[in-house]
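Architecture and fold: a report
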Protein chains: 2
Amino acid sequence: MLFFTQCFGAVLDLIHLQFQHYKAKRVFSAAGQLVCVVNPTHSLKYAPTRCAAVQVSTEQGVLPPCHHHEVVHDPQLVPCTCPLFSCPWEGHLELVVSHLRQTHRINILQGAEIVFLATDMHLPAPTDWIIMHSCLGHQFLLVLRKQEKYEGHPQFFATMMLIGTPSQADNFTYRLELNRNQRRLKWEATPRSILECVDSVISDGDCLVLNTSLAQLFSDNGSLAIGIAITTSKVHSSEAEM
Amino acid sequence: MLFFTQCFGAVLDLIHLQFQHYKAKRVFSAAGQLVCVVNPTHSLKYAPTRCAAVQVSTEQGVLPPCHHHEVVHDPQLVPCTCPLFSCPWEGHLELVVSHLRQTHRINILQGAEIVFLATDMHLPAPTDWIIMHSCLGHQFLLVLRKQEKYEGHPQFFATMMLIGTPSQADNFTYRLELNRNQRRLKWEATPRSILECVDSVISDGDCLVLNTSLAQLFSDNGSLAIGIAITTSKVHSSEAEM
C-alpha cells in the first residue's frame with residue numbers, strides 16, 4: 001500500500017513539474033527555447049566574510065582565487081569555485097567545468113537562450129539555485145541566491161560568471177529577464193570571471209537584485225522563470241559615444 | 001567683492017548643470033530626447049502608515065483618495081495627490097495637474113521619451129525627485145524616492161503614476177531605463193493611477209528598486225539619469241498566450 005502511495009506521489013510530482021515547464025515555456029515565447037527546472041540547494045559553506053581577503057586585480061589575467069589553500073603548489077592552479085560546498089580540490093581552469101559537473105553534480109545546458117526555472121522560492125535563506133550554461137564556445141555559471149543582507153529581509157540576487165579569465169569575460173554580455181503580470185525587468189551586464197568570487201559580486205550588489213515582494217510578483221506557483229541570453233559583447237551604442 | 005564671488009559661483013553651477021545635461025544626452029542616444037534636470041526635495045509629509053486605511057478597489061473607476069478629509073463634500077472630488085506636502089486642497093481630477101503645477105511648483109514636460117536627471121543622489125533619506133510628464137494626451141507623475149525601508153540602508157524607488165483613473169492607466173505601459181558602466185537595467189509596467197497612492201506602491205515594492213550600490217554604479221557625479229518612455233499598452237505577446 002505504501003509503495004502505491006509513493007508511486008502516486010511521484011506521478012503527481014512529475015505532472016506538477018511538467019506543468020511548470022509548460023508554463024515557463026509559454027512565458028518566454030521564443031520557440032525552441034530550452035527550459036531548465038533548477039531545484040534549490042541549501043548552501044553549506046556560506047559565510048559572508050569568506051572573500052574578504054581577496055584583492056581583485058583586473059589588470060592580471062588570472063585573479064587570486066576565492067578561498068586560499070594554505071600551500072599553493074602551482075600558481076596556475078585554481079581552487080574549486082563551487083558556490084555551494086567547501087572542497088579541497090584545485091586544478092587547472094580548463095578542468096573546473098568537469099569538476100563541478102562530476103563532483104558537485106551541477107547540470108550543464110547548451111544554447112544561446114535558455115529559461116532557468118527556479119523552484120521552491122519560499123525556502124528560507126541562504127539558498128542557491130545553480131546551473132552551468134554552455135554557449136558561444138564557453139561555459140558560464142548562473143547563480144541565483146536567496147540571502148538576508150538585512151536580517152529578516154531576504155532578497156534574491158542573480159548573476160552570471162564566466163568559467164574563464166576576466167579578460168575572456170569582457171568579450172560577453174549576459175541578459176537576465178523576468179516577465180510576468182504585465183511587468184518586465186531586464187538586467188544586462190558583462191559577466192564576471194569565476195575567479196572573482198560569486199560572493200563578492202553578490203555582496204557588492206552588482207547583479208540583478210529582487211526584493212521578496214517583487215520576486216513574488218514575478219513568480220508563479222512558487223517558481224521563478226528567468227530568461228537568459230548571452231551574446232558576444234558589443235560596446236553599448238550609447239556608451240560608445242561617450 | 002562678495003557680489004563677484006557669488007556671480008562666479010552661479011556661473012560655475014550653470015556650467016556644471018550644462019555639463020551634466022550634455023552627458024545625460026549622450027548616455028541616452030536617441031536624438032532630440034529631452035533631458036530634464038530634477039532637483040531633490042526633502043519630503044515634509046512622509047509617514048509610512050499614511051495610506052493604511054485606504055482600501056483599493058480596482059472595480060470602481062475612481063478609488064478612495066490617499067488621505068481622507070474628515071468631511072467629504074462631494075464624492076467626485078479627490079484630495080491633493082502631491083507626494084511631498086500635506087495640503088488641504090481637494091478638487092476634480094481634471095484640476096489636479098494645474099494644482100500640482102501652480103501650488104506645488106512641480107514641473108511638467110512634453111514628449112514620449114525623456115531623460116529624467118536626478119541630482120544630488122547622496123542626500124539623506126527621505127528625499128523625493130518629482131516631475132510631471134505629458135504625453136499621448138495624458139499627464140503622468142514620475143516619482144523617484146530615496147527611503148530607508150530597513151534602517152540604515154536607504155534604497156531608491158522609481159514609479160510612474162497616471163493622473164487619471166485606474167481604468168485609464170491600464171491603457172499605458174511605462175519604461176524606466178538605466179544605462180551606464182556596461183550595465184543596463186530596464187523596468188516596464190502598467191502605470192498605477194494617482195488615486196492609488198504613491199506611498200503604497202513604493203511600500204509594496206512594485207516599482208523599480210535600486211540598492212545604494214547599484215544606484216552608485218548607474219550614477220555619474222552624483223546624478224542618476226533615467227530614460228523614460230510611455231507607450232499605449234499592448235498585452236505582452238508572451239502573456240497573450242497564457
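Residues numbered from 1 in each chain as written. Chains lettered and ligands numbered in written order. Predicted model: local features only at pLDDT ≥ 70, side-chain atom pairs only at ≥ 80, totals over all residues. Heavy atoms only, no water.

- Going by the annotation in an unreviewed UniProt entry, the name recorded for chain A is E3 ubiquitin-protein ligase, with Grantiella picta given as the source organism.
- The record in UniProt for chain A states the following under Catalytic activity (unreviewed entry): "S-ubiquitinyl-[E2 ubiquitin-conjugating enzyme]-L-cysteine + [acceptor protein]-L-lysine = [E2 ubiquitin-conjugating enzyme]-L-cysteine + N(6)-ubiquitinyl-[acceptor protein]-L-lysine."
- In the Function (unreviewed entry) part of its UniProt record, chain A is described as follows: "E3 ubiquitin-protein ligase that mediates ubiquitination and subsequent proteasomal degradation of target proteins. E3 ubiquitin ligases accept ubiquitin from an E2 ubiquitin-conjugating enzyme in the form of a thioester and then directly transfers the ubiquitin to targeted substrates." (UniProt positions renumbered as here; feature names shortened; annotations may be inferred.)

1. Here's the deal with the overall build of chain A
- Along its length, chain A carries six helices and 14 strands.
- Looking at the 242 residues of chain A, the share that counts as buried comes to 51%.
- Across chain A, contacts joining residues at least 24 apart in sequence account for 62% of those joining residues at least 6 apart.
- Of the roughly 11,600 Å² of accessible surface on chain A, a fraction of 54% belongs to carbon and sulfur atoms. (Helix = DSSP H or I, 4+ residues; strand = E, 2+ residues; numbered from the N terminus. Buried < 20%, exposed > 50% of the residue type's maximum accessible area, 1.4 Å probe, protein only. Contact = heavy atoms within 4.5 Å. Areas by Shrake-Rupley, 256 points an atom, 1.4 Å probe, with all protein chains shown as cover.)

2. Some words on the pairing of strand S7 (residues 127–135) of chain B
Residues and elements named next belong to chain B.
- Burial of S7 is extensive: nine of the nine residues sit out of reach of the surface.
- Every second residue of S7 is oriented toward a common face, with Thr127, Trp129, Ile131, His133 and Cys135 on one face and Asp128, Ile130, Met132 and Ser134 on the other, all of them buried.
- Pairing between strand S2 (residues 41–42) and S7: two bridges, direction antiparallel. Note that in S7 the partner of threonine 41 across the bridge is aspartate 128.
- Taken together, the nine bridges between S7 and strand S8 (residues 138–150) define a ladder with antiparallel strand orientation. When the sheet's bridge partners are listed, serine 134 is paired in S8 with glutamine 139. (Pairing = 2+ DSSP bridges.)

3. What about the sheet that holds strand S1 (residues 34–38) of chain A?
- Pairing is mixed in the open sheet, where 10 strands are placed in the order S1(A)-S6(A)-S14(A)-S10(A)-S11(A)-S11(B)-S10(B)-S14(B)-S6(B)-S1(B). Unpaired on one side and paired on the other, S1 of chain A together with strand S1 (34–38) of chain B mark the two borders of the sheet. The mean angle between the axes of side-by-side strands here comes to 20°, regardless of whether they run parallel or antiparallel. (Axes fitted to C-alpha atoms, helices over the stretch in contact; angles between N-to-C directions.)

4. Examining the nonpolar core
- Counting 68 residues, the largest nonpolar core has A:Phe116, A:Leu144, A:Leu185, B:Phe116, B:Leu144 and B:Leu185 as the members making the most contacts within it.
- Those residues in contact with B:Phe116, other than ones at most four positions away along the chain, are B:Cys36, B:Val38, B:Trp129, B:Ile130, B:Ile131, B:Leu142, B:Leu144, B:Leu224, B:Ala225, B:Ile226 and B:Ile228. (Core = buried A, V, L, I, M, F, W, Y, C linked by side-chain atoms within 4.5 Å.)

5. Some thoughts on the packing of aromatic side chains
All names here are of chain A.
- Scanning the model with the defined rule gives seven aromatic pairs over all chains in all.
- With centroids separated by 6.3 Å and ring planes inclined at 45°, the aromatic side chains of tryptophan 129 and phenylalanine 156 adopt a geometry described as tilted. In this pair, tryptophan 129 is assigned in strand S7 (residues 127–135) and phenylalanine 156 in strand S9 (residues 153–162), connecting sequence segments 27 residues apart. No difference in accessibility class separates tryptophan 129 from phenylalanine 156, as the two residues are buried. (Phe/Tyr/Trp six-rings, centres within 6.5 Å; stacked < 30°, edge-to-face > 60°.)

6. Focus on the side chain of A:Asn211
- Structurally, the position occupied by A:Asn211 is in strand S13 (residues 208–211).
- For A:Asn211, the side chain forms a polar contact with the side chain of A:Gln155, separated by 3.0 Å.
- Leave out the neighbours within four places in its chain, and A:Asn211 touches A:Gln155, B:Tyr150, B:Gln155 and B:Val209. (Polar contact = N/O pair within 3.5 Å; in protein donor to acceptor, adjacent residues only side chain to side chain.)

7. Focus: the pattern of salt bridges
- Under the defined criterion, the tally for this structure stands at 18 salt bridges over all chains.
- Among the salt bridges present, the one from A:Arg145 reaches A:Asp128, with a minimum N-O distance of 2.9 Å. With a gap of 17 residues between them, A:Arg145 in strand S8 (residues 138–150) and A:Asp128 in strand S7 connect regions that are remote in the sequence. This pair shows no difference in class: A:Arg145 is buried, exactly as A:Asp128 is.
- Via salt bridges that share partners, A:Arg175, A:Glu177, A:Arg184 and B:Glu188 belong to a single interconnected network. (Salt bridge = Lys/Arg side-chain N within 4 Å of Asp/Glu carboxyl O.)

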